[in-house]
Amino acid sequence: MATSAVARETVFALRRQIAKIEGTLSERLEASAGAAAVDADVSPQTLTLPRNLTIVRRGLAVTSQDAFLSTGAERLDAALSGGLPKAALSEFHGAATRDAGAVAGFVLALVSLILSQGPRLPVLWIGTSEVFREAGFPYARGLHAFFGIEPEQLLFSEAPRLLDALWVAEEAARMTALAAVILEIRGSPQRLDLTATRRLHARAQSAGRPLFLLRQAGEPEPTAAPVRLILSAAPAAARQTIAGPLAGSIGRPAFTVAIGKSRTALPGQFTLEWNPDERIFEERRGEQGWSQESAPERPKNPVPVVSASRRREDPAAASGAVLAFPALESPAAGDQPSPRERPAHRRPRRTG
């Protein structure tokens, strides 16, 4: 019996050390006699824990249910073991710059959920000048109408360089006067490495606030974020009325959410709709997100994207020799400016 207890304590200590290195273990978990049930031979289904605790990773770590932000989509929350971690760094990827609107909309919806559960503190959005020029800024009226966020609650910090943006994000992540911090980066810069993300993740953990990392047109790279979601816009369904779907209308905003990285979940893909009235996500099931009965017919484009050539099957002309422009000749008589236009035509161009 004593040998079994010593072996159990040794295994538990090794698990705790591994979990500390990976950053998945809460400091509240202590090796004690009451934790003897956390064993490799005990399945999660038969594990008895208090009601305010939940398994995070197959018996490796235990944390409170309040540590997760539930999206409202049951299958996605179940795949993420309760939702997105609140006090952590979370990544949101857009494959191309054109997906920046979908990524920003999804994160703003998460901010709306955070503000509805706690004090309505301001949110700081940090980005470089490059990403703000490419992706733009959120629309003030849309913030209030779709997410219930007042425009004065969303603060922006535009940094000229990525190094400055990372410094601002680190300093802001340690502040408890902010509900959340958003850092938006474009591409795959070298300075956004594993060390930088570890610092951001540690600051978010110590402050108990979420830090959302938006990666626009970036490649998936090793980071310290426990969760990485790949986002894109999904086709909107028809608007629902009392008489049924309204043909030709555009319904709620929809997102295609793929789990690209998670320490607790397997890869999966979901189609979520944001309900701006209830302020919650709802999953859309069925083929391409619709049920078989309500699947709309996709309109066909009657005009081809590139018109076919009339002379040959290949619409692209063969490349020819590159020639220099011929010397300019005197204009024809019909191209001469009229007497009324001649003074303006001869006027020198302003240089400043």
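Described below are features of the structure shown in this document. Note that the structure is predicted; figures quoted are calculated from it, not measured.

1. Section: unusual backbone geometry
- Residue S81 is not a glycine yet carries a positive backbone phi of 60 degrees.
- You can see S81 is positioned in the loop between α2 (74-79) and β4 (84-85).
- The phi torsion at A217 lies on the positive side, around 55 degrees, for a residue other than glycine.
- Checked against the element boundaries, A217 lands in the loop between β9 (211-216) and β10 (227-234).

2. A few points about the pairing of strand β14 (residues 269-275)
- Burial within β14 is extensive, with six of its seven residues counted as buried.
- Pairing of strand β13 (residues 254-262) with β14, which is carried by five bridges, proceeds in the antiparallel orientation. Each residue of the ladder has a partner; that of A254, found in β14, is E273.
- Examined bridge by bridge, β14 and strand β15 (residues 280-283) share four bridges and lie antiparallel to one another. Paired with L272 across the strands is E283, a residue of β15.
- Counting the residues between successive antiparallel strands, the hairpin from β14 to β15 contains four residues, one of them, R279, with a positive phi of roughly 55 degrees.

3. Considerations on the sheet that holds β9
- On the basis of which strands lie adjacent, the open sheet formed by nine strands has the order β7-β6-β8-β9-β5-β10-β13-β14-β15 and mixed pairing. With partners counted over all chains shown, the strands left at the sheet margins are β7 (154-159) and β15, one partner each. In this sheet, adjacent strand axes meet at a mean angle of 30 degrees when their direction is disregarded.
- Along the sheet, helix α6 (residues 162-173) makes contact with β6 (123-128), β7, β8 (180-186) and β9, crossing β6 at roughly 165 degrees.
- The sheet contacts of helix α7 (residues 194-207) involve β5 (89-94), β8 and β9, and relative to β5 the element is tilted by about 130 degrees.

4. Considering the pattern of salt bridges
- Inspection of the entire model under this criterion finds 11 salt bridges.
- When the shortest N-O distance is used, the salt bridge between R199 and E170 registers 2.9 Å. Within this pair, whereas R199 is found in helix α7, its partner E170 is found in helix α6, the two being separated by 29 residues in sequence.
- Residue R199 is classed as partly exposed on the basis of its relative accessible area, which comes to 42%.
- The buried category is assigned to E170, whose relative accessible area is 11%.
- The salt bridge partner of E221 is R215, with a shortest N-O separation of 3.8 Å.
- A relative accessible area of 24% means that E221 is categorised as partly exposed.
- Judged by its relative accessible area of 0%, R215 is buried.

The rules behind each value
Residues numbered from 1 in each chain as written. Predicted model: local features only at pLDDT ≥ 70, side-chain atom pairs only at ≥ 80, totals over all residues. Heavy atoms only, no water. Helix = DSSP H or I, 4+ residues; strand = E, 2+ residues; numbered from the N terminus. Buried < 20%, exposed > 50% of the residue type's maximum accessible area, 1.4 Å probe, protein only. Pairing = 2+ DSSP bridges. Axes fitted to C-alpha atoms, helices over the stretch in contact; angles between N-to-C directions. Contact = heavy atoms within 4.5 Å. Salt bridge = Lys/Arg side-chain N within 4 Å of Asp/Glu carboxyl O.

From the geometry alone we can't say anything about function, so treat these as descriptive.
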